[in-house]
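Structural overview for review
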Amino acid sequence: MIREEKKRVVGFKLEGVAYNTSNLLLRLLRYEPGNKKINIICRGIHIKVSGIDNMIIKCDDADILEVEDYQLPYGDIMEMYLPFNVKSIDSISKKLANRIDKDEMFNKYNSIVLIGVGEGGLYLINAAKFLHKRTVRIATIATPFKGTMMADERFVRHKTKNPIDKMIYKMIYEEIKKKYHFPNRIVSGVKLVSDIQYYYLAKHRWINFVASHGTAKTVKEALQYRLAKKVLNSSDNDGLVSVVSQDCDRKELDKKYDIRASHDESLFEALEYFKG
């Protein structure tokens with residue numbers, strides 16, 4: 001499926017905002033009174049919206065998606081966005097868990113599915129620590145459980161010193177930083193990951209999708225994969241996170257799926273599982 005690119009633009013209104021604080025922004029894309037299931041999707045996008053009129057103040061250079069882009073056949077759909085300055089993993093995960101446990105809007109659901117891509121997956125699995133009333137399904141997709149050195153700009157520059165790699169760095173990496181808000185991100189190290197207490201996931205259902213790059217669809221995608229391969233010491237990866245970092249071998253994990261997709265496309269490849 002080819003999706004039309006739709007960029008968020010600073011100064012425009014973000015429609016469907018259901019909850020907005022300094023730690024958590026929730027946007028409702030589809031809501032039908034009779035639905036008993038909700039899919040809460042966090043693509044790891046950072047955005048800041050005015051609390052008065054929902055105008056976009058600051059945002060990643062990432063695509064905005066609408067309900068039709070997800071092509072999920074049933075259930076309500078909510079998007080979760082991240083703040084630019086993350087104080088701790090708990091500050092976000094606890095806020096989400098409290099909403100699910102205590103907010104009346106979630107009372108009608110028999111099934112709550114948390115779907116997290118990349119950095120977003122880390123906050124969703126950590127939310128299990130704070131969920132006291134509800135049991136959920138959690139899907140992590142292309143999630144950097146061990147971090148990714150692609151988020152460390154100095155390290156990337158160090159690994160790209162020959163002329164060809166320097167050229168690719170200038171063409172690709174600046175765009176990657178804007179899309180994923182890499183400057184000063186804690187996902188380059190292990191601090192965020194070490195804070196997760198996985199045993200809380202035992203009462204929930206958790207599946208993990210490990211993405212590795214398939215055939216590049218564009219020259220830009222091929223160049224990003226080459227750059228990631230160089231930075232990640234030739235490790236197989238999705239263009240951003242190594243397979244080794246995504247492959248979380250935990251006893252609390254119900255199932256693992258290997259998918260062939262770039263980091264950007266991994267969500268849509270994994271969503272095919274939820275359509276069955």
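Use the structure listed above.
Summary of the structure given here. Computed from a prediction, not measured in an experiment: that's the story for all the values here.

**With respect to the overall build of the protein**
From N to C terminus, the protein includes nine helices and nine strands. Taken over C-alpha atoms, the radius of gyration comes to 18 Å for the protein, in line with the 19 Å a tight globule of 276 residues would show. Expressed as lengths along the three principal axes of its C-alpha atoms, the size of the protein is roughly 60 × 45 × 35 Å. Buried positions account for 54% of the 276 residues belonging to the protein. Intrachain contacts of the protein at a sequence separation of at least 6 include 79% that bridge at least 24 residues.

**Topic: unusual backbone geometry**
Leaving glycine out, the prevailing phi sign among residues is negative, and the prevailing peptide bond configuration is trans. At A142, a position not held by glycine, the phi torsion is positive, near 50°. Relative to the helices and strands, A142 resides in the loop between β7 (137–141) and α4 (153–159). Backbone geometry at S234 places phi at a positive 70°, although glycine is not the residue there. As for its position among the elements, S234 is in the loop between α7 (219–231) and α8 (243–246). On the accessibility criterion, S234 (54% relative accessible area) is exposed.

**Notes on the packing of aromatic side chains**
As enumerated under the stated definition, the model contains eleven aromatic pairs in all. Both rings, one in F145 and one in Y198, keep their centres 6.5 Å apart while their planes meet at 50°; by these two values the pair is tilted. Of the two residues, F145 sits in the loop between β7 and α4 while Y198 sits in the loop between α6 (191–194) and β8 (205–212), which places them 53 residues apart along the sequence. For Y198, a relative accessible area of 8% puts it in the buried group. Each residue in the set F209, Y257, Y273 and F274 is aromatic and connected to the rest through ring pairs, giving one cluster. We note K58 situated over the ring of F84; from NZ or CZ to the ring centre the distance is 4.4 Å. Of note, K108 hangs over the ring of Y31, and the distance from its end group to the ring centre comes to 4.1 Å.

**Things to note about empty space enclosed by the protein**
What the rule picks out here adds up to two cavities of 30 Å³ or more. The wall of the second largest cavity is formed by K37, N39, L72, P73, Y74 and F274. Partitioning the lining of the second largest cavity into residue classes produces four nonpolar, one polar and one charged.

**Brief notes about the pairing of strand β3 (residues 37–49)**
Taken across its 13 residues, β3 has twelve buried, putting it largely inside the fold. Pairing of β3 with strand β6 (residues 111–117), which is carried by six bridges, proceeds in the parallel orientation. Looking at β6, one finds that C42 is bridged to G116. The pairing of β3 with strand β5 (residues 76–82) spans six bridges and is parallel. Looking at β5, one finds that C42 is bridged to M80. Where β3 and strand β4 (residues 56–59) come together, three bridges link them in antiparallel fashion. Residue pairing for β4: I47 is matched across the bridge by C59. In this antiparallel pair of consecutive strands, β3 and β4, the connection spans six residues, and N54 shows a positive phi of 60°.

**Focus on the pattern of salt bridges**
Applying the stated rule across the entire model yields 16 salt bridges. Among the salt bridges present, the one from K177 reaches E153, with a minimum N-O distance of 2.8 Å. In this pair, K177 is assigned in helix α5 (residues 163–180) and E153 in helix α4, connecting sequence segments 24 residues apart. Each of R27, R43, E66 and E79 takes part in a single network of salt bridges with overlapping partners.

What counts, and at which threshold
- Residues numbered from 1 in each chain as written.
- Predicted model: local features only at pLDDT ≥ 70, side-chain atom pairs only at ≥ 80, totals over all residues.
- Heavy atoms only, no water.
- Helix = DSSP H or I, 4+ residues; strand = E, 2+ residues; numbered from the N terminus.
- Rg over C-alpha atoms; globule rule 2.2 N^0.38 Å.
- Buried < 20%, exposed > 50% of the residue type's maximum accessible area, 1.4 Å probe, protein only.
- Contact = heavy atoms within 4.5 Å.
- Phe/Tyr/Trp six-rings, centres within 6.5 Å; stacked < 30°, edge-to-face > 60°.
- Lys NZ or Arg CZ within 6 Å of the ring centre and 35° of its normal.
- 1 Å grid on protein atoms, 1.4 Å probe; cavity = no way out; pocket = protein on both sides within 12 Å on 5 of 7 lines; lining within 4 Å.
- Points joined across faces, edges and corners; volume = space filled by probe spheres on them.
- Nonpolar A, V, L, I, M, F, W, Y, C, P; charged D, E, K, R; others polar.
- Pairing = 2+ DSSP bridges.
- Salt bridge = Lys/Arg side-chain N within 4 Å of Asp/Glu carboxyl O.

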